[in-house]
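Analysis of the macromolecular model
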Amino acid sequence: MATFTVRIVLHDADSSEYSVLYEAMNDEEFIDIISSEDGIDYNMPDGEYTISGNYTKSNILEKAKRAINLTGVKGSVLVTHSNGRTWSNLSKV
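Described below are features of the structure shown in this document.

About the criteria used
- As a convention, each chain's residues are numbered from 1 in the sequence order in which they are written.
- A pLDDT threshold of at least 70 governs which residues receive local features in this predicted model, and a stricter bar of 80 or more applies before side-chain atom pairs are shown or counted, although totals over entire chains, interfaces and linings include all residues.
- As a convention, hydrogens and water are excluded, and side-chain values are obtained from all of the structure's heavy atoms.
- Buried Ala, Val, Leu, Ile, Met, Phe, Trp, Tyr and Cys residues that are joined via side-chain atoms within 4.5 Å together make up what is termed a nonpolar core.
- Buried residues are those whose accessible area, probed at 1.4 Å on protein chains only, stays under 20% of the maximum for their type, while exposed residues exceed 50% and partly exposed ones sit between those limits.
- Every helix listed is a DSSP run of H or I at least four residues long, and every strand listed is a run of E at least two residues long, numbered separately from the N terminus.
- A contact between two residues is defined here by any heavy atoms of the two lying within 4.5 Å.
- Charged residues are defined narrowly, with Lys and Arg counted positive, Asp and Glu counted negative, and His plus the chain ends left uncounted.
- Note on definitions: salt bridges are taken to be side-chain nitrogens of Lys or Arg within 4 Å of carboxyl oxygens of Asp or Glu.
- Pairing between two strands is assigned when DSSP locates at least 2 bridges connecting them.
- In this analysis, axes come from line fits to C-alpha atoms, helices being fitted only over the stretch in contact, and the angle between any two N-to-C directions falls in the range 0 to 180 degrees.
- For a crossing to be left-handed, the near helix must be turned anticlockwise from the far one by less than a right angle; the clockwise case is right-handed.
- Following the grouping adopted for this structure description, the nonpolar residues are Ala, Val, Leu, Ile, Met, Phe, Trp, Tyr, Cys and Pro, the charged ones are Asp, Glu, Lys and Arg, and the polar ones are all others, Gly among them.
- Ring geometry is summarised as follows: Phe, Tyr and Trp rings, the Trp one being its six-membered ring, pair when their centres sit within 6.5 Å, and such pairs are stacked at plane angles under 30 degrees, edge-to-face over 60 and tilted between the two.

**A closer look at the nonpolar core**
Membership of the largest hydrophobic core comes to 17 residues, with the highest contact counts inside it found for Val6, Ile8, Leu21, Met25, Phe30 and Ile60. Going through the elements one at a time, β1 (2-10), α1 (15-27), β4 (48-53) and α2 (57-69) are the ones with two or more residues in this core. In terms of residue count, the dominant contributor to this core is β1 (five residues). If we ignore the near neighbours within four places in the chain, the residues touching isoleucine 8 are Leu21, Met25, Gly47, Ala64, Ile68, Ser76 and Val77.

**Comments concerning the side chain of glutamate 17**
Turning to its location among the elements, glutamate 17 is positioned in helix α1. Put simply, glutamate 17 is tucked away with no salt bridge, and the nearest opposite charge, on lysine 74, sits 14 Å away. Setting aside chain neighbours within four positions, we find glutamate 17 in contact with Leu10, Thr71 and Val73.

**Some remarks on the sheet that holds β4**
Taken together, the three strands give an open sheet; going across it, the order is β4-β1-β5, and neighbouring strands pair in antiparallel fashion. This sheet does not close on itself; its edge strands, each paired only once, are β4 and β5 (75-82). Each adjacent strand pair in this sheet contributes to an overall mean axis angle of 25 degrees, direction not counted. Pairing between β1 and β4: six bridges, direction antiparallel. What sits directly across from threonine 5, in β4, is threonine 50. Contacting β1 and β4, α1 crosses the sheet at an angle of about 165 degrees to β1. Along the sheet face, α2 touches β1, β4 and β5 and points at about 150 degrees away from the line of β5.

**What about the packing of α1 against α2?**
Running from N to C, α1 and α2 cross one another at 145 degrees; their axes reach a closest spacing of 8 Å. The hand of the α1/α2 crossing is right-handed. Together, Leu21, Ala24 and Met25 of α1 and Ala64, Ala67 and Ile68 of α2 make up the contact between the two elements. Among the residues making up the contact of α1 with α2, the classes are represented as six nonpolar, no polar and no charged.

**Quick word on the packing of aromatic side chains**
One pass over the structure, following the stated rule, counts one aromatic pair. Between the aromatic rings of tyrosine 42 and tryptophan 87, the centroid separation amounts to 5.7 Å while the plane-to-plane angle is 65 degrees, which identifies the pairing as edge-to-face. Linking tyrosine 42 in strand β3 (residues 41-43) with tryptophan 87 in the segment after β5, this pair joins segments that are 45 residues apart in sequence.

In structure tokens, the structure reads:
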């Protein structure tokens with residue numbers, strides 16, 4: 001099973017478009033929470049999501065683009081296949 005981190009920036013968007021994006025990403029099975037090795041959940045930075053499963057980077061890109069399209073504005077997306085992560089100063093859920 002692969003894990004991916006996805007970063008999305010909507011261009012010329014307001015909070016309502018980002019709300020649509022958030023719901024659309026949830027519908028596409030993305031989440032914006034990561035868990036530490038000791039089981040503590042953290043909020044990812046704004047515009048970042050994660051997903052795990054039997055996907056390829058191309059599958060993930062297509063899922064993210066579908067979500068962006070629902071906002072009605074243009075967006076940029078970056079998909080990274082993760083082999084482990086570390087972080088600092090994220091807020092706990």
